[in-house]
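Read off the chains here:
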Amino acid sequence: LLARADMAAAGAAPAQSSVTLFGIDDAALTVGRGDAGDNIGLTTKGYNPSRLGFRGDEDHGGGLQASFWLEAGIETDTGLGQATNTNNQASGTGAAVAGRQGLTFNRRSTLSLAGGFGEVRIGRDYTPLFWNNTVFDPFGTNGVGTNQAYLGYSQVFGATAVRASNSIGYFLPRNLGGLYGQAQYYFGENGSAAGATEDDGTGYGLPLGYAAAPIDVAPSYGMTQAATGDLTGWNVAGSWNFGLAKVMAQYMMTEVDAAGGAEQEGWLVGASAPIGAGEIRASYSQTELDTAGNPRGRKMALGYVHNLSKRTAVYTTVARVRNDGGANFSIGGATSGVNGDSTGFDLGVRHSF
């Protein structure tokens, strides 16, 4: 009350603020079949990853807004919190942060300041390269239908395939006639005493896109430093909404910049189509490694989501991956031998709040 009285006396008005609790609970029965081993069990992101989050903002007038976002991944089937990574390297994930200590805000932990100039965001956040992978995938990189090209890319980038800790990001303003973009830089925080590994886990990402109905197209580039060879990648993706269906496509290249490092090429074509209270999803994707034999995995996926309400949906997906050239990709926790095939199936429910 005294603070408000002081503000009133100074001719100022208190800032308007809000805080929101939100989340998603997703659970699926997942079956995986492979020529070297099968698997059946419960998973927690057949449609959307389970999470619990808090976000809030404060309006300071003149278009200036401060905000925070804390989002924790949850394993619905066990109740465990998901692990995070402290320094964008393998050393940042270990026994002490394996997700068994309770919630960690591994999905997002950011502070932002936004206005007519755009948005400055700091903390743990998605990497630009990942955004194209998930936004232009009918299955959103979730469940057995996940883009095969993304699976190849994630093997290369490891700790920074999806998110990066210790990041500083800038987002373009939203009023640029459909143009959008971002610049992100993140730190490995090793210190000069680390010697050859001083810059490990440090990197950046640069996406630029254009979205104006019915088209959305975006190229992106990213790099994470490592003493054993920098990890680099680029992709270009787009979609076109025809009303009756939305078609998507993406192409990507990733590489380990080291002696003997090989390029990995991937692509996807897919579509989603509304039908009554539901949606049909389909995709065909591939990843191929530029090494002896050119190991390659090709996946076909088909799924259906039925919305019981705006917050609750039931879904099912079936997918099959075929390997050749020495590859052994598998689905749904199954095990594939070299050049073997694998089939996966999801049946689940998702509730958001």
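Cut-offs used in this document
Residues numbered from 1 in each chain as written. Predicted model: local features only at pLDDT ≥ 70, side-chain atom pairs only at ≥ 80, totals over all residues. Heavy atoms only, no water. Helix = DSSP H or I, 4+ residues; strand = E, 2+ residues; numbered from the N terminus. Buried < 20%, exposed > 50% of the residue type's maximum accessible area, 1.4 Å probe, protein only. Polar contact = N/O pair within 3.5 Å; in protein donor to acceptor, adjacent residues only side chain to side chain. Core = buried A, V, L, I, M, F, W, Y, C linked by side-chain atoms within 4.5 Å. Contact = heavy atoms within 4.5 Å.

**Some points on the environment of alanine 114**
Of note, alanine 114 is situated in strand β5 (residues 108-115). On a C-alpha basis, the gap between alanine 114 and alanine 313 in space is 34 Å, while along the polypeptide they are 199 residues apart.

**Structural notes on helix α3 (residues 148-157)**
When you tally the buried positions in α3, you get seven out of 10 residues, the bulk of the element. Residues Gln148, Ala149, Tyr150, Gly152, Tyr153, Val156 and Phe157 constitute the buried set of α3. You can read the cap of α3 off the contacts: a side-chain oxygen lies 2.8 Å from the backbone nitrogen of alanine 149, and it is on asparagine 147. The first or second residue beyond α3 is glycine 158, which carries a positive phi of 55°.

**Some details on the nonpolar core**
By size, the foremost hydrophobic cluster in this structure holds 12 residues: Tyr126, Leu129, Phe130, Ala149, Tyr150, Tyr153, Val156, Phe157, Ala161, Val162, Leu231 and Met252. Every element with two or more residues in this core is listed here: α2 (128-135) and α3. Sorting elements by how many residues they give to this core places α3 first, with five residues. Beyond its immediate chain neighbours, meaning those up to four positions away, methionine 252 contacts Asn133, Asn147, Ala149, Tyr150, Tyr153, Trp234, Asn235, Gln264, Glu265 and Gly266. Phe139, Val144, Phe329 and Ile331 belong to the second-largest nonpolar core, a separate cluster that totals eight residues.

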